[in-house]
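Letter by letter, the chains look like this.
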Amino acid sequence: MLTRRQTIAAGVGAVLAVVPARAQEQVKDRLRVVASFSILGDFVRNVGGERVEVATLVGPNGNAHVYAPSPADAKTVADAKLVVVNGMGFEGWLERLVKASGTKAPIIVATKGITPRERAGDHDDHHDHGRADPHAWQSVANARVYVANVRDALIAADPAGKAAYEANAAAYLGKLDALEREVRDTVARIPADRRRALTSHNAFGYFADAYGVEFVAPQGVSTEAEASAKDVAAIVTQIKRQKIGGVFLENVTDPRLVTQIAGETGAKVGGTLYSDALTPAAGDAPTYVDLIRHNLRQLAAALMD
């Protein structure tokens, strides 16, 4: 005969045994989505919410330009129910990885519907982006297109979650609308003749086109490209001639070249801009919204000083 205390203990034990099983069941039932890099992963998490389990191939502070897939990545892709990629030649390693994984998951190009800008620079032979500049997320208006494409892809993969995906996307698009207004208002306060900056590689073309800030880069679109001595000399001359006020580092590139150019020109080093990757949770840009806001603050502080 069990005492009252033993009966309660047994009941609590039974409940505790069930909770982990239910938690595991909930995770198991989530839609497994693989995003090619951290910024896309953030879009998917915002739209997918609790219905998705997101794995990111190129993680925080990772450089997608030089990424080399591992056997573990192939297994991750093989297990996915949906794969979301940037496209525009950004993931030069993608075709090999998909083939190695044998995945049957749909592969969704998140930039579908965005008009690619032609990349600048004379480094055509150094990377495999083709003529398209793949960094389309640097325009908040383009980020809205990414989110809409992610929403539609999640609904197609998980029709039962349609209402949740639509509600999550609508809420997030509202945040992006506010962010777009913030960017335009802040840039408008920077004197027009000071809206010029130098960065490690040419990743900010869409931001430049959308908001009227000119960016100069010693490297082309890809961080694989090496700037020649001639390139550096030309940029030093350009900075002095145009009186470029801010020189910025990036979290995915070697800072030495930009630091050298700053030393030769006297331009102010304005801190780090985030181009191709988010930061870990404790960093300055753990989300896309944080990334744009951080970059905006860095630009404004350097160019209005």
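Residues numbered from 1 in each chain as written. Predicted model: local features only at pLDDT ≥ 70, side-chain atom pairs only at ≥ 80, totals over all residues. Heavy atoms only, no water.

Tell me about the overall build of the protein, and name the residues and values.
Across its full length, the protein carries ten helices and eight strands. Looking at the protein as a whole, 49% of its 305 residues qualify as buried. Counted over contacts in the protein with a minimum sequence separation of 6, partners at least 24 positions apart contribute 68%. For the protein, the exposed area adds up to about 14500 Å²; of that, 53% sits on carbon and sulfur atoms. (Helix = DSSP H or I, 4+ residues; strand = E, 2+ residues; numbered from the N terminus. Buried < 20%, exposed > 50% of the residue type's maximum accessible area, 1.4 Å probe, protein only. Contact = heavy atoms within 4.5 Å. Areas by Shrake-Rupley, 256 points an atom, 1.4 Å probe, with all protein chains shown as cover.)

For the confidence of the model for the protein, give the residues involved together with the corresponding values.
A residue-level look at the protein finds 79% of positions with pLDDT of 70 or above and a mean pLDDT of 84. Across residues 11-27, confidence stays below pLDDT 50; counting only partners more than four residues off in sequence or on other chains, it has one contact. Every residue in residues 122-129 is under pLDDT 50, and counting partners more than four places away or in other chains gives 26 contacts. (pLDDT = per-residue confidence, 0-100.)

With reference to specific residues and values, describe unusual backbone geometry.
Even without glycine at this site, Asn 61 takes up a positive phi of about 60°. By the element assignment, Asn 61 lies in the loop between strand S2 (52-58) and helix H3 (71-78). We note that Met 88 has phi near 60°; this positive angle belongs to a residue other than glycine. Looking at where Met 88 falls in the secondary structure, it is placed in the loop between strand S3 (82-85) and helix H4 (94-101). Of the residues examined, Met 88 reaches a relative accessible area of 17% and is grouped as buried.

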